[in-house]
Amino acid sequence: MTTATADLAIDLKGVDKTYTGGWFQRGVHALRGIDMHVGRGEVFGLLGPNGAGKSTLVKILMTVIRPSNATGLVLGKPVGHKPTLARVGYLPEHHRFPDYLTGRQVVEFSGAMSGVPARACRKRGAELLDFVGMGRWADTRVRSYSKGMRQRVGIAQALVNTPELVLLDEPTDGVDPVGRREIREMMLELKRRGTTVFLNSHLLSELEMVCDRVAILVQGRVASQGTIDQLTTHRKRYEVELESSDSHVDSKIREVFARWIPAQATEGTLPDGSAVSFRIEAPHQPVQVRVGSVEAASVQPVIDAARAAGLTIRSVRPIRPSLEDLFMEAVTDPLTGKTLGPGAKEGN
Amino acid sequence: MFLRQTSAMLLDAYRELNAKKLFWFTVALSTLVAAAVACVGLNDRGFTILWWTISADIFNTKYVSPAAFYKLVFVQLGLKLWLTWIAAILALVSTSSIIPDFVASGSIDLSLSKPIGRLRLFLTKYFTSLMFVTLQVSLFTLACFLIIGLRGKLWAPTVFLAIPLVVLFFSYLYCVCALVGLVTRSTIASLLITMLFWFILFVLNSGEQAVRTFQYSAELQLATAEKQAAPLADQVSKAKAKVEQLQIAPERETPDDMKTRLSDLATEQARLAGLELRQQKKESSVKELRTSFDTLTLWHRGLYAVKTVLPKTAETMTILERNLHSLDDMAAFREAEEKRVEERREARRQQRGAKPDEDESPREARELADRTIEAELQNRPLWWVLGTSIAFEIVVLGLACAIFSRRDF
C-alpha cells in the first residue's frame, strides 16, 4: 500500500481481539492482526462468512467493542478517539430504534448525539428522510414500520451529521429490490460527494456494483484485499467453445492441441506463455478450451488451429471471475477443497 | 456538544415516559389522591369529608389547626403511603426496563457509536431515568402545596423538600435496579431483585426498630430492678446487724429479758431470711435482665452496623417530617396529642388506684418506649441517614459504571 496516511479514512495495523470466555469456557480469538486500508472517498466492501469477525471489526471502529490490541487511525485519529465519531456515521446490523420515537425523532436524536445543532438537525433530518423515501412516514412511530422502512430510517440517521466516513452494516437487509437500487445509488451519490463508505454486506453482487475496493475476512484474518480488478486480474481468461461432428472428438482435440498440450494431459502452455486447457463433458457435446490470458492476441493461435482442423467455433468469450468466485476461493481450504466452517477459531 | 447531548437524552427520557401508559396512570392516581386530600376538612367537631362530618377526639379545630392537619395528611398519607410505597412501586415497574432496553443489542451500538464517553453516557441515562419519579413527586407536591395553602391558609414551601427526598429515596432502589439490569439485561430480573432488596431493607429497618424498642424496654426494666435492689441490700445489712446485736446477751440479763431478746432474735432472723430470699430473687432477676439487655444491645449493634452500610429508606423520609414538625403549628399539634395521651394515662392510673409516682403499667411502658424510639429514629444524625445512603448509591453506581465502561457490547 503506497497511499499516504493522510489520504486514508481508515488505516488499521494489527487489530486483534480475543473474547475472554467464562469460568469454564475458552476464549475466542475473533480478530488476528487485521491490517486494512480504506482510502478517503472510496466505497469499501468487507466480505466474509458468518463469524469471520466482520461485525467485531466494525464495532471496534465504532468503539462498541474494545480491541485487545489495535494500532491504527480512523480519519487521522487513533482508533477509539471519541470526538472523531462526530464525523462518522454508523448503521449497525440488527439495529433497534426506540419504538416510542417517530422516524424524524430517531434521525434528530442521532444528530443531537453527534453534536449537530438543533436547527441544522431538523433541516438535514427532513432532507434525508425525503432522500431515503421516508418523508411521508416521518411522523409515524417506528413501532409501525416494516423492516425495510426501519432500514431506510437507519441510513438517514447515519448520515444526519454529514459524515466524512459512513459505516453501513448490511444496509440492504430487508429492503425490497427497488429500495436496494435506491440505496446503491445513494452510496454512489455519497461517493460523488467525497464521503467514504465502508460497507459490510453478504450480497456480493451488490458490493460488486458499488465497491471500489474490497477485503475478504476469513476466520479473523484478511484473506485478500484490493480493488476488484486487482483481485481478479490473474483469474481472468478466455473461453473458446468448439463443436465437432466427429464422434472421436477427444482424439481430434488432442491432435489439434498436440503442439501445446502433452499427450494424456488436459493442460499446457501457449507460445506466449499463457496457460491453455480443455474440458470434454461428453461425446457430441461442445468442448471448452480455456486460455489463461486477458490479451486477445493470446487466444488467436487456438482459433487458428481449430479452424485449420475444421472444428466449428461456437463462441469466444472473455471471462472475468465474479466477486462470488473470489469469495468462494477465499473461504475454501486449498488443501482439502472444503469450505471453511462458520465462526472464529477458539483459543489462540 | 455537552449541553446538546444532555438535553437530547433528557428529551428522549421524557418521550420514553410519555409513551408509557403506566406513567399517565400514575399521574391520574396522584391526581385522585390529591383530590381526596382536598376533600377532607376539619371543623370544631371532627373532620369532614365533602359535606359529612365525622366526630373525632383529636382531629378537630380545638386541638389542631387546619394547616397542621393538612401537613399531617400530606406526610402520613401523601408521602409515607402514596409516594414512598404505591407510587414508588409503580415507578419501579415503569422504569426497570430502561437500562435493559438501553444495553440491548442493536440499541446500545447506536449510543456507543456517538462522540460521548461511556461514563457520561451511562450516568446521564441513569439520572434521566429518575425523571419519572421527579415529575410524579413534583406534580403531587405542587398539588398538596396548593391544598395546604388554599384550605389550610398556610403557604409552606417546606413541603417541596419532598421532591429531592423522594427522588433520593427512589434512587437508593433504582441504582440496584440499574446495576442488575446492566448485568442481566433482563427487566424481570432487575425488577424482582430490586423488590427483594427493598423488602430486605424494610425487614432490616423494622427489625432494628423492634430490637431497639425491646432494648430500651429492657434498659428501663433493668434500671427499675436495680433501683429496687439497692434499698433491699441496705435492709438486709441492717437486719444482719440487728440479728448480730440480738445474738449477744447483755451481762446482767434477767430471764424475762432473755426471753424477749430470743423472741426478737427469732423474729429478726425470720425477717432477715425473708429479705435475703427477696434479695436473691431480685439479684437473679437483675442478672437475667442484664443478660437480656446485653444480648439485645449486641443484636442492635449488629443490625445498626448492617444498616449503616445500606440505604436508609425510612429514615430518609422522616427528614421531611422532622422539618415539618419543627413548625410552630405542628409543635402545637404534638403538644395537644401528648396532653391527650397524658390525660388518658392519668385516667387509667386513677382507675387502677395507683399513685402518680408509681411505676407505669407494661402497656404504658411500651407506649413510652415506642414514643422514645420514634423520637430517637427521627433525630438520627443527618450524615448517618443521608451520608451513608448516598455512599451506598455511589458504590453501586461506581460498580455499574465500571462494568458499563469495560464491557464489549
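The shown structure was predicted, so the numbers you read here are calculated from the model rather than taken from an experiment. (Residues numbered from 1 in each chain as written. Chains lettered and ligands numbered in written order. Predicted model: local features only at pLDDT ≥ 70, side-chain atom pairs only at ≥ 80, totals over all residues. Heavy atoms only, no water.)

A.B. asks: Help me get a handle on the sheet that holds strand β11 (residues 237–243) of chain A, residues and values and all.
C.D. replies: Residues and elements named next belong to chain A. Judged by pairing direction, the sheet is antiparallel, and its five strands sit side by side in the order β12-β13-β14-β11-β15 without closing on themselves. Pairing within the sheet leaves two strands with one partner each, and these edge strands are β12 (267–269) and β15 (312–319). Direction aside, neighbouring strands of the sheet carry axes that sit 20° apart on average. Sheet strands touched by helix α8 (residues 249–256): β11, β13 (275–280) and β14 (287–292). Its angle to β13, the strand with the most contacts, is close to 170°. The strands that helix α9 (residues 296–308) touches are β11, β13, β14 and β15; relative to β15, the one it contacts most, it runs at about 165°. (Pairing = 2+ DSSP bridges. Helix = DSSP H or I, 4+ residues; strand = E, 2+ residues; numbered from the N terminus. Axes fitted to C-alpha atoms, helices over the stretch in contact; angles between N-to-C directions. Contact = heavy atoms within 4.5 Å.)

A.B. asks: Explain the packing of helix α6 (residues 118–129) of chain B against helix α14 (residues 382–406) of chain B residue by residue, including any values.
C.D. replies: Residues and elements named next belong to chain B. Between α6 and α14, the shortest axis-to-axis distance is 9 Å and the interhelical angle comes to 130°. As judged from the angle between their axes, α6 and α14 are oblique. Between α6 and α14 the crossing geometry is right-handed. Of the residues in α14, those touching α6 at Arg118, Leu119, Leu121, Phe122, Leu123, Tyr126 and Phe127 are Glu393, Leu397, Ala400, Cys401, Phe404, Ser405 and Arg406. Here the contact of α6 with α14 is built from residues that sort into 10 nonpolar, one polar and three charged. (Parallel < 35°, antiparallel > 145°, perpendicular 65-115°, else oblique. Left-handed = near helix turned anticlockwise from the far one by under 90°. Nonpolar A, V, L, I, M, F, W, Y, C, P; charged D, E, K, R; others polar.)

A.B. asks: Quick one: what's the story with the interface of chain A and chain B, residue by residue and with numbers?
C.D. replies: With 32 residues of chain A at the contact, the number on the chain B side is 28 residues. Taking both partners together, chain A and chain B bury about 2,700 Å²; carbon and sulfur atoms supply 55% of that area. Its largest share of buried area at the contact with chain B, chain A owes to Arg96, Tyr100 and Met113 of chain A, together 27% of the area lost on that side. Counting every contact that joins chain A to chain B gives three salt bridges. There are 17 residue pairs in polar contact (both at pLDDT 80 or more) connecting chain A and chain B. (Buried area = accessible area lost by both parts, 1.4 Å probe. Salt bridge = Lys/Arg side-chain N within 4 Å of Asp/Glu carboxyl O. Polar contact = N/O pair within 3.5 Å; in protein donor to acceptor, adjacent residues only side chain to side chain.)

A.B. asks: Break down the pattern of salt bridges for me, with residues and values.
C.D. replies: Residues and elements named next belong to chain A. Per the stated rule, a full pass over the model turns up 35 salt bridges over all chains. Note that Arg40 and Glu164 form a salt bridge whose closest N and O atoms lie 3.4 Å from each other. With Arg40 in the loop between β2 (28–39) and β3 (43–47) and Glu164 in the loop between α4 (147–159) and β7 (165–169), this residue pair connects regions lying 124 residues apart in the sequence. Linking Glu239 and Arg317 is a salt bridge whose minimum nitrogen-to-oxygen distance equals 3.3 Å. Of this pair, Glu239 sits in strand β11 while Arg317 sits in strand β15, placing them 78 residues apart in sequence. Looking at Arg317, the relative accessible area reads 39%, which means it is partly exposed. One network of salt bridges, in which partners are shared, links Arg237, Glu239, Arg290 and Arg317. (Buried < 20%, exposed > 50% of the residue type's maximum accessible area, 1.4 Å probe, protein only.)

A.B. asks: Report on helix α2 (residues 21–39) of chain B, specifying residues and quantitative values.
C.D. replies: Residue and element names in this part refer to chain B. If you check α2, its first and last C-alpha atoms are 27 Å apart, about what 19 residues at 1.5 Å a residue would give, namely 27 Å. Turning to α2, its buried residues number three or more, namely Phe23, Thr26, Val27, Ser30, Val33, Ala34 and Val37. With its buried residues spanning 125° around the axis, α2 presents them on a single face. Looking at α2, the residues exposed on the side facing more than 90 degrees away from the buried face are Lys21, Thr31 and Leu32. For α2, the secondary structure elements touched by its buried residues are α1 (2–19), β1 (40–42), α3 (66–95) and α7 (131–152). (Expected span 1.5 Å × (residues − 1). Arc of directions from axis to C-beta.)

A.B. asks: Before we move on, can you summarise the packing of aromatic side chains with the specific residues and values?
C.D. replies: All names here are of chain B. Enumeration according to the criterion identifies 20 aromatic pairs over all chains in this entry. Consider the rings of Phe169 and Trp198, whose centres lie 6.0 Å apart with planes at 65°: the pair is edge-to-face. Residue Phe169 is located in helix α8 (residues 162–184), and its partner Trp198 is located in helix α9 (residues 187–247); the two are separated by 29 residues in the primary sequence. By the burial criterion, Phe169 is buried, and Trp198 matches it. (Phe/Tyr/Trp six-rings, centres within 6.5 Å; stacked < 30°, edge-to-face > 60°.)

A.B. asks: Please set out the sheet that holds strand β10 (residues 221–227) of chain A residue by residue, giving values where relevant.
C.D. replies: Strand pairs in the sheet, formed through backbone hydrogen bonds, run parallel or antiparallel to each other. Residues and elements named next belong to chain A. Taken together, the six strands give an open sheet; going across it, the order is β6-β7-β8-β3-β9-β10, and neighbouring strands pair in mixed fashion. What marks the edges here is a single partner per strand, and that holds for β6 (88–91) and β10. This sheet shows a mean twist of 15° between the axes of neighbouring strands, independent of strand direction. Relative to β10, strand β9 (residues 213–218) runs antiparallel, the two being bridged by six bridges. What sits directly across from Ile216, in β10, is Ser224. Across the sheet, α4 lies against β6 and β7, angled at about 165° from β6, the strand it touches most. Sitting on the sheet, helix α5 (residues 177–192) touches β3, β7 and β8 (196–200), and the angle it makes with β8 is about 150°.

A.B. asks: Could you give an account of the domain arrangement of chain A, with specific residues and numbers?
C.D. replies: Partitioning chain A into structural domains gives domain 1 (5–232) and domain 2 (237–319). Inter-centroid distance (C-alpha atoms) of domain 1 of chain A to domain 2 of chain A is 47 Å. (Domains from an automatic or database assignment.)

A.B. asks: I'd like a rundown of unusual backbone geometry, residues and numbers included.
C.D. replies: Residues other than glycine seldom take positive phi values, yet Leu75 of chain A does so here, at roughly 50°. Within the secondary structure layout, Leu75 of chain A lies in the loop between β4 (69–74) and β5 (77–78). On the basis of relative accessibility, which here comes to 4%, the residue Leu75 of chain A falls in the buried class. One non-glycine residue, Leu50 of chain B, lies in the positive phi region at around 55°. By secondary structure assignment, the location of Leu50 of chain B is in the loop between β2 (46–49) and β3 (52–55). Owing to a relative accessible area of 47%, Leu50 of chain B belongs among the partly exposed residues under this scheme.

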